[in-house]
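Chain and residue survey
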Amino acid sequence: MESEAPSPRPSPQGGEGVSGNPRPRRGRGQGEGARGEGARGEGVTIGVDVGGTTVAAGLVAADGRVLEHQQAPTHARGPGTALETIGDLLEQLCEQARARNVTVTGVGIGVPGIVDAERGTVGVDIHYAPELARAPLAAMLGARLGVPVYVDNDVNALALAEWTWGAGRGARSLVMLALGTGLGGGIILDGRLHRGQSGFGGELGHVPIDFHGPPCICGGRGCLKAYVSGTDIGLRGGERLGRPVGAPEVFRLAAAGDAVADAVVDEVCAALGAGLAIIVNGLNPERVLLAGSVAKSLRPIEARVRAALARYAFAEALCTTHLDILTLDKDATVRGGAALVHYETQRRRTTRS
Ligand SMILES: [Zn+2]
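Residues numbered from 1 in each chain as written. Predicted model: local features only at pLDDT ≥ 70, side-chain atom pairs only at ≥ 80, totals over all residues. Heavy atoms only, no water.

Remarks on the pairing of strand E4 (residues 103–111)
Regular strands have side chains that alternate between both faces of the sheet. Summarising burial for E4: nine of the nine residues are buried, a large majority. Sheet analysis places strand E1 (residues 43–50) next to E4, joined by seven bridges and oriented parallel. Counterpart to Thr45 in the pairing with E4 is Gly106. One ladder, built from five bridges, connects E4 with strand E7 (residues 149–153); its direction is parallel. From the neighbouring strand, Ile109 faces E7, where its bridge partner is Val151. (Buried < 20%, exposed > 50% of the residue type's maximum accessible area, 1.4 Å probe, protein only. Helix = DSSP H or I, 4+ residues; strand = E, 2+ residues; numbered from the N terminus. Pairing = 2+ DSSP bridges.)

What to know about the confidence of the model for the protein
Within the protein, residue pLDDT values average 89, and 88% of them lie at 70 or more. When the criterion is pLDDT under 50, residues 1–39 qualifies, and its contacts beyond four places in sequence or with other chains add up to 92 contacts. (pLDDT = per-residue confidence, 0-100. Contact = heavy atoms within 4.5 Å.)

Thoughts on the environment of Arg236
Its place among the elements puts Arg236 in helix H5 (residues 230–241). Under the relative-accessibility criterion, Arg236 is labelled buried at 13%. Residues Arg236 and Val265 lie 29 residues apart in sequence; the distance between their C-alpha atoms is 10.0 Å. With residues up to four places along the chain from it excluded, the contact list for Arg236 reads Ala226, Tyr227, Val264 and Glu267.

Structural notes on the environment of Thr85
Looking at the secondary structure, you find Thr85 in helix H1 (residues 82–100). Once the C-alpha coordinates of Thr85 and Ala72 are considered, the two residues, 13 residues apart in sequence, prove to be 7.1 Å apart. Setting aside residues up to four positions removed in sequence, Thr85 forms contacts with Val55, Ala72, Pro73, Thr74, His75 and Ala76.

Encoded structure:
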């Protein structure tokens, strides 16, 4: 199932009247933007996804449509400048919101690491943008923009987006695995994002699936990530094929009948089957969603992934857990930040009352 053209589940709106932007004017044509139909008179949110190479950000309507999309190299102004890039993009989007006569009601930021989501402070383990370690992003940017800012792990945010508007809409529980450069996870259980006691909830890339396995960047051994992330598939493929290759090429060669590449793909499927079985047997969620660049390569060999999973998972648990391999568009991660705003607005309102 694709997450495109989502039909929205009603979502809590953030509009608490806090905005650094002019209130929308009443009258004809308000909110009419470049694409014709903006979010007329409604609040919009800004979703930001901080990646190792690119920061993507957008204005997102209450129904999940991305009205404006901006992106820039994470370190556009040089090493250690991710924060400046985020600030630049936020300024551009606030300007676009003013031009559309819509009010920005909140900003949600997904970062590739562990986050203290309650305070909106980035943790120490922030891959690819280490300059953000310990940064109190929510407080810093909230004071500058005059709107609530929420920060969470990027895959937690992506899980919220698919739960709110996409392939996981309406599920009571879901697990998102994002297989890209690394391997991140997000867990929603009984209608709540499971962040864990200190923000490590959902770090499924670093569950060990082979206790004799290779060392992992996290300091562990035999982690799921070391077998199924795009980086690791490329590295393993390169070692076996004797030349540098990327993960997509490993899958392409396997599909074309290359036995060496196919053996690598076999290992990927087996490892992923074991990793997914941990999720299915351990949590038995209603839905498991696979996303990220590697998921695109897995789509054509979905039957192999399912066969590997069936070898390890309880059959009765598996028949109640629905697995989807998604091909998400570039707006998906931007929707993640927006979904985080809606989720946190509702959660904090409920907690207060
Ligand atoms: Zn690890």
